[in-house]
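Residue-level structure breakdown
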Amino acid sequence: DAGVTQSPTHLIKTRGQQVTLRCSPKSGHDTVSWYQQALGQGPQFIFQYYEEEERQRGNFPDRFSGHQFPNYSSELNVNALLLGDSALYLCASSLGNRGGGYTFGSGTRLTVV
Amino acid sequence: GQSLEQPSEVTAVEGAIVQINCTYQTSGFYGLSWYQQHDGGAPTFLSYNGLDGLEETGRFSSFLSRSDSYGYLLLQELQMKDSASYFCAVNNFNKFYFGSGTKLNVKP
């Protein structure tokens, strides 16, 4: 039973470019959340998708957008990349609105140069 | 705003017991979760408290007092493999806020 799968694992982009990160949730899960984790810090909540809709959003600018597909997979898009967007981007999935017990993927390491 | 406070680093010896505290301030609250993250790895769910009291899962236990906005993670019979970062996380009406993490160093 595959867990949460994220692609790519590593990515280098130039400032001002756009990037798309992908996530396949754990089998049986229907809710996907995205997080940004800077080195030495805790994950910061970006947004959560359920039934193809953005259900909740953290304190991130509109440059960060997402999508959830009918098969529950999800994409995170970041436009006009800044150097400060360099971080580990984590995807977490769950079945419905669980209070805890989210399954995380291993993340995409994004470096903006 | 939201804030979570946990110690930045804790050191303990193999076989000992360690408690990692977490205090939080949040405008809304569904529950408190704990995650473990090894260097370079994904966060792994350990425990969740939606109600006051103690939850036990093997060597790990977690406690919550909503009136005190306080929780802790208790790790017993420490093993070398428990060396990792531990994060508390608040579910604020489906917005999730993580602390900065506590780095646990287990020594032989």
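The structure under discussion appears in the preceding block.
Residues numbered from 1 in each chain as written. Chains lettered and ligands numbered in written order. Predicted model: local features only at pLDDT ≥ 70, side-chain atom pairs only at ≥ 80, totals over all residues. Heavy atoms only, no water.

1. Examining the overall build of chain B
Within chain B, the secondary structure is distributed over zero helices and eleven strands. The helix and strand sequence of chain B, counted from the amino end, reads β-β-β-β-β-β-β-β-β-β-β. Taking 13 Å as the expected radius of gyration for a compact globule of 108 residues, we find that chain B reaches 13 Å, a close match to that expectation. Evaluated residue by residue, chain B yields a buried proportion of 50% over its 108 residues. Contacts spanning at least 24 positions in sequence make up 55% of the contacts within chain B whose residues lie at least 6 apart. Total accessible area on chain B is roughly 5100 Å²; 47% of this is exposed by carbon and sulfur atoms. (Helix = DSSP H or I, 4+ residues; strand = E, 2+ residues; numbered from the N terminus. Rg over C-alpha atoms; globule rule 2.2 N^0.38 Å. Buried < 20%, exposed > 50% of the residue type's maximum accessible area, 1.4 Å probe, protein only. Contact = heavy atoms within 4.5 Å. Areas by Shrake-Rupley, 256 points an atom, 1.4 Å probe, with all protein chains shown as cover.)

2. Considerations on the overall build of chain A
Helix and strand counts for chain A come out as zero helices and eleven strands. Overall, chain A shows an N-to-C arrangement of helices and strands of β-β-β-β-β-β-β-β-β-β-β. Expected size for 113 residues packed as a compact globule is a radius of gyration near 13 Å; at 13 Å, chain A falls within 12% of this value. Projected onto its principal axes, the C-alpha positions of chain A cover 35 × 25 × 25 Å.

3. Quick notes on the nonpolar core
If you look at soluble globular proteins, the nonpolar side chains tend to sit buried side by side. Within the largest apolar cluster, 22 residues are counted, with the highest numbers of intra-cluster contacts made by Leu32, Trp34, Leu75, Tyr86 and Leu104 of chain B. Breaking this core down by element, the ones donating at least two residues are strand E2 (9-13), strand E3 (18-25), strand E4 (31-37), strand E7 (60-65), strand E8 (70-75), strand E9 (84-92) and strand E11 (102-107) of chain B. Counting 19 residues, the second largest nonpolar core, distinct from the first, contains Leu21, Phe60, Leu76 and Cys91 of chain A. (Core = buried A, V, L, I, M, F, W, Y, C linked by side-chain atoms within 4.5 Å.)

4. What about the sheet that holds strand E7 (residues 64-68) of chain A?
Residue and element names in this part refer to chain A. One open sheet holds the four strands; their spatial order is E1-E3-E8-E7, and the pairing between them is antiparallel. The strands lining the two open edges of the sheet, one partner per strand, are strand E1 (5-7) and E7. Going across the sheet, the axis of each strand differs from the next one's by a mean of 20°, ignoring polarity. Here E1 runs beside strand E3 (residues 19-24); their pairing, made up of three bridges, is antiparallel. Among the inter-strand pairings, Gln6 is bridged to a residue of E3, identified as Cys23. (Pairing = 2+ DSSP bridges. Axes fitted to C-alpha atoms, helices over the stretch in contact; angles between N-to-C directions.)

5. Description of the side chain of Asn49 of chain B
All names here are of chain B. Mapped onto the secondary structure, Asn49 falls in strand E5 (residues 44-49). Within polar-contact distance, the side chain of Asn49 engages the backbone oxygen of Gly53 at 3.2 Å. A polar contact is formed between the side chain of Asn49 and the side chain of Ser62, at a distance of 2.5 Å. Sequence-distant contacts of Asn49, defined by excluding residues within four places in its chain, comprise Gly31, Leu32, Leu54, Glu55, Ser62, Phe63 and Leu64. (Polar contact = N/O pair within 3.5 Å; in protein donor to acceptor, adjacent residues only side chain to side chain.)

Just geometry here; none of it tells us what the structure is for.
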